[in-house]
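Listed below are the residues making up each chain.
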Protein chains: 2
Amino acid sequence: MIKHKTKLEDVAKLAGVSLATVSRVLNHPNIVRPELRDKVSQAVASLSYTRDAAARALKSGRTHTIGAVVPTLGISIFAEGVEALQNRLSEHGYTLLLANSQYDVNKELQEVRALIERGVDAIVLVGDSSSNEVHALIKKHGIPVVITYVAHSKRGTPAIGIDNEAATREMTRYLIGLGHREVGVIANVPAANDRSRARLSGILKTLEEAGATLPKSRLIKAEHSLVQGRMGLQQLMKSHPQITAVICTTDTLAVGAMTEARAMGIPVPSALSITGFDDIELSSQLDPPLTTVSIPAAEIGRGAADHLINAIAGLPIPLVTDLPFRIVIRGTTAKARTTNPRRLTRA
Amino acid sequence: MIKHKTKLEDVAKLAGVSLATVSRVLNHPNIVRPELRDKVSQAVASLSYTRDAAARALKSGRTHTIGAVVPTLGISIFAEGVEALQNRLSEHGYTLLLANSQYDVNKELQEVRALIERGVDAIVLVGDSSSNEVHALIKKHGIPVVITYVAHSKRGTPAIGIDNEAATREMTRYLIGLGHREVGVIANVPAANDRSRARLSGILKTLEEAGATLPKSRLIKAEHSLVQGRMGLQQLMKSHPQITAVICTTDTLAVGAMTEARAMGIPVPSALSITGFDDIELSSQLDPPLTTVSIPAAEIGRGAADHLINAIAGLPIPLVTDLPFRIVIRGTTAKARTTNPRRLTRA
DNA sequence: TTCTATCCTGAAATCGTTTTCAGAAACAGC
DNA sequence: GCTGTTTCTGAAAACGATTTCAGGATAGAA
């Protein structure tokens, strides 16, 4: 237990200078005469003095703290992004305040409010489907903010991430190029998830452009879990055995689908191609390894940190930082089988 | 942008009372006369006033903030624990400051120091292998702390978690009961990880007690990744084809091992039993589903939150909270095959 | 009605910094 | 040697809440 928390005054006394000088040495070392500066630094060191964060925050109005609200840490790309974010913040002397929304816009609002009351200097959000209240609140307090994992700005809010729609477009085109026309989709569509919507939209549009418009019955909406991936595939293949490719909007769903395909005795990729999205660690280690879209989660986290640190310093930051995704072609995709039960079912 | 941040004084003026009364209504509503209290509450609401956290912290010495340092969020049990911790803290008006150590004791120390300088009211650590400096620092500041994921207290520090050694003991006994004597182990052993050590120790001791002492060459030390699980299994089975069971200290390693077993054409569980530890989501969905140890990560997070909130309030908290683990027997374990290439190789 | 005990309320001090403002010191120019 | 600059330093005023301490109001008792 500490008896008498050392404060600025103690340092000043020991160094034989005023409070102001000590403060200056700590904050703007270059404006104080070298010999005094050294004397003060020495005193600081010998007392192992650290400034009281609360007092500092009160007077200066800055907490050196950044808040983030993610949907959940259970999804590894968010966990990875948060970790990278925290590491970068830490390097710059910032502390991360973390909250999760469980994909619930009201909980997100509540957590953002709590963060603002804590006086965070900036905020990181995921996606652009936060409620208007959230953005109004943030704007009202004049706090820098960045939305992550998406590469478009809705309300003029800076964004850093990938173009989800472009990614699924490319993946879908790839499958079409392999001759797939009988396609099924397993998509996770939580209400508050614009990323999933963008991914789905990319698939549907590309399919349509290729003249393979997706019938409703071939679109399975699922929660983001392995089980739902399994169930989705089962449902799809039972009712549409002619399907030659299944596009999933996340790797978790795709892995579930692969497991079920194996259980149903459907060989992947010879009889059925499966694709994912996210490129989680597991995907490359499966047998066969999963064809998927790799997204730079760590880079998103680091980039968000950098942007906000700049914004706090009053520097301008880019409105949209469109990071590259990567289509990773592995073992779960192949040319469409030609021995279809029936050929070309129309929508 | 806010022009004139509403403060206590504004509320007081509107309600026609003094600052002190407003503060009382906010902190100890019961000691102020109901009619005044209502008037103040109304004023607070109509101005949508919130107290300045920094000023509050400065004067009261409490930040209503709790810090946690975890090795990494990349391991799902930690992500799950952190999420549960944050949710519970949030319910009680606390904010989580999160940092990660990457299993590096120096980084952990540095992050703990940063947390303390931020003035956290309490700290959550993972495991009991933090450096002495960390504990000395925490003690010096008189900050409540709890270590998680383990069920023993080393330096008198409260702990909440499971008995890792007991868990692997039970699992190993189960395998021995199935007739396995030719056993291999894939263990992740980062330097700063007492949990892994405890898990390994439980395996080795139990094996020894059963007269099946593990030769060094059958213990593969691995990093915590799927790839290393694969490589571990390969190494093990190539040099010791007589092995009938492989115990892994995490599910990730076990999943890697399963993948490799399949690639090597070794049927699981008929020719080889494999066990994991953690029970991550994937494990139950594999084919065959993985036999493993299930640990109550969310409960650990919630419990840590509850303990610390109590400790801050000056209430006593239990030194050790030993939460139950669960041996989950699924499809990767079966009786030892009897058609061994060779019988009973001795150490 | 007056006095005492009980409850509340408000004025003011305080928490530990940062920062403005003005004055002291040092220096150069004439 | 004296005045005009320039550079640093220190005293003091915030920042916005919490809380002590004492006095005023109210109620109860005589």
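Just so you know, the residues in each chain are numbered from 1, in the order the chain's sequence is written. Both sets of labels track the order of writing: A upward for chains, 1 upward for ligands. Owing to the predicted nature of the model, reporting of local features is limited to residues with pLDDT of at least 70; listing and counting of side-chain atom pairs is limited to 80 or more, with chain, interface and lining totals taken over all residues. Just so you know, side-chain values use all the structure's heavy atoms and leave hydrogens and water out.

Trainee: Explain the relation of the copies chain A and chain B to me, and be specific about the residues and the numbers.
Mentor: Aligned on chain B, chain A shows an RMSD of 0.1 Å; the corresponding rotation is 180° and the shift along the axis is 0.0 Å. The symmetry that links the two subunits is that of a two-fold axis. Both copies contact each other with a shared surface, as 100% of the interface residues of chain A are interface residues in chain B too. Only residues with pLDDT of at least 70 in both copies count here: their C-alpha atoms drive the least-squares fit that superposes the copies. Here, residues are in contact when the closest pair of their heavy atoms is within 4.5 Å.

Trainee: Provide a residue-level description of the protein's contact with DNA strand D, including the pertinent values.
Mentor: For DNA strand D, the set of nearby residues contains 24 residues, the closest of which are Thr 21, Arg 24 and Leu 36 of chain A together with Leu 8 and Tyr 49 of chain B. The sugar-phosphate portion of DNA strand D accounts for 60% of its atoms within 4 Å of the protein, the bases making up the rest. Under the rule applied, a polar contact is a pair of N or O atoms within 3.5 Å (in protein, one hydrogen donor and one hydrogen acceptor; residues adjacent in sequence only if both atoms are side-chain atoms). Within the backbone of Leu 8 of chain B, one N or O atom sits 2.5 Å away from a phosphate oxygen of DNA strand D. Between Arg 56 of chain B and DNA strand D, the recorded distance is 3.0 Å, taken from a side-chain N or O atom to a phosphate oxygen. Put simply, the parts of the chain that give the surface near DNA strand D at least two residues each are helix 2 (19-27) and helix 4 (53-60) of chain A together with helix 2 (19-27) and helix 4 (53-60) of chain B. Under the scheme applied, nonpolar residues are Ala, Val, Leu, Ile, Met, Phe, Trp, Tyr, Cys and Pro; charged residues are Asp, Glu, Lys and Arg; polar residues are all the others, including Gly. Here the surface near DNA strand D is composed, by residue class, of 10 nonpolar, five polar and nine charged. When at least one non-hydrogen atom of a residue lies within 4 Å of a molecule or strand, that residue is treated as near it. Where helices and strands are cited, they refer to DSSP runs of H or I of at least four residues and of E of at least two residues respectively, numbered from the N terminus.

Trainee: Provide a residue-level description of the pattern of salt bridges, including the pertinent values.
Mentor: We count a salt bridge whenever a side-chain nitrogen from Lys or Arg sits within 4 Å of a carboxyl oxygen from Asp or Glu. Throughout the structure, instances matching the rule amount to 26 salt bridges over all chains. Note that Asp 306 of chain A and Arg 88 of chain A form a salt bridge whose closest N and O atoms lie 2.8 Å from each other. A residue pair is termed long-range when its members are at least 10 positions apart, and Asp 306 of chain A in helix 12 (residues 297-312) and Arg 88 of chain A in helix 5 (residues 76-91) qualify at 218 residues. With a relative accessible area of 25%, Asp 306 of chain A lands in the partly exposed category. Of the charged contacts in the structure, one is a salt bridge between Arg 330 of chain B and Asp 279 of chain B, with a shortest N-O distance of 2.6 Å. With Arg 330 of chain B in the segment after strand 12 (326-328) and Asp 279 of chain B in the loop between strand 9 (273-275) and strand 10 (292-294), the pair connects residues that are 51 residues apart, well separated along the chain. Type-normalised accessible area, obtained with a 1.4 Å probe on protein chains alone, sets the label of each residue: buried when under 20%, exposed when over 50%, and partly exposed for intermediate values. By relative accessible area, which is 21% here, Arg 330 of chain B ends up partly exposed. The class for Asp 279 of chain B is partly exposed, based on a relative accessible area of 22%. Taken together, the shared-partner salt bridges connect Glu 165, Arg 169, Lys 205 and Glu 209 of chain A into one network.

Trainee: Go over the nonpolar core, please, and point to the residues and values.
Mentor: Counting residues in hydrophobic clusters, the biggest one holds 72 residues, and the most contacted among them are Leu 98 of chain A together with Leu 98 of chain B. What Leu 98 of chain B contacts, discounting residues up to four positions off in sequence, is Val 82, Gln 86, Leu 96 and Leu 98 of chain A together with Ala 68, Val 70, Leu 73 and Val 82 of chain B. The criterion is simple. A nonpolar core is a set of buried Ala, Val, Leu, Ile, Met, Phe, Trp, Tyr and Cys residues joined through side-chain atoms within 4.5 Å. Ranked by size, the runner-up nonpolar core spans 50 residues in total, among them Ile 243 and Leu 282 of chain A together with Cys 248 and Ala 271 of chain B.

Trainee: Give a description of the environment of His 135 of chain A that names residues and reports values.
Mentor: Residue and element names in this part refer to chain A. Inspection of the secondary structure puts His 135 in helix 7 (residues 132-140). For His 135 and Leu 109, which are 26 residues apart along the polypeptide, the C-alpha to C-alpha distance reads 9.1 Å. Beyond its immediate stretch of four places on either side in the chain, His 135 contacts Leu 125, Ser 130, Ile 147, Arg 155 and Thr 157.

Trainee: Which residues make up helix 11 (residues 251-264) of chain B, and what values do they have?
Mentor: All names here are of chain B. Helix length check: helix 11, at 14 residues, gives a terminal C-alpha distance of 19 Å against a target of 20 Å (1.5 Å per residue), a fit within 8%. Within helix 11, 11 of the 14 residues are buried, leaving the element largely enclosed by the surrounding structure. If you follow the buried residues of helix 11, they end up packed against strand 6 (183-188), strand 7 (219-222), helix 10 (226-239), strand 8 (245-248), strand 9 and strand 10. With its phi angle positive at about 75°, Gly 265 sits one or two positions after the end of helix 11. For a helix, the expected span equals 1.5 Å multiplied by the number of residues minus one.

Trainee: Explain the domain arrangement of chain A to me, and be specific about the residues and the numbers.
Mentor: A common measure of how large an interface is: the accessible area buried when the components associate. All names here are of chain A. Residue ranges for the domains trace back to a domain assignment, done automatically or taken from a database. Under the domain assignment, chain A is made up of domain 1 (8-51), domain 2 (63-163 + 297-324) and domain 3 (164-295). Averaged C-alpha coordinates put domain 2 and domain 3 at centres separated by 29 Å. Contacts between the two partners involve 15 residues from domain 2 and, on the opposite side, 15 residues from domain 3. Defined in terms of a 1.4 Å probe, buried area is the accessible area two parts forfeit on being brought together, summed over both. Here domain 2 packs against domain 3, burying approximately 1300 Å² in sum over the two surfaces, 58% of which is carbon and sulfur.

Trainee: Outline the protein's contact with DNA strand C, listing residues and values.
Mentor: Surveying the vicinity of DNA strand C reveals 26 residues, the closest of which are Leu 8 and Tyr 49 of chain A together with Thr 21, Arg 24 and Leu 36 of chain B. Thr 21 of chain B places a side-chain nitrogen or oxygen 2.6 Å from a phosphate oxygen of DNA strand C. Between DNA strand C and Arg 33 of chain B, the relevant distance is 3.4 Å, taken from a phosphate oxygen to a side-chain nitrogen or oxygen of the residue. Looking at the surface near DNA strand C, the elements with two or more residues in it are helix 2 and helix 4 of chain A together with helix 2 and helix 4 of chain B. Examining the composition of the surface near DNA strand C, we find that five residues originate from one element, helix 2 of chain A, more than from any other.

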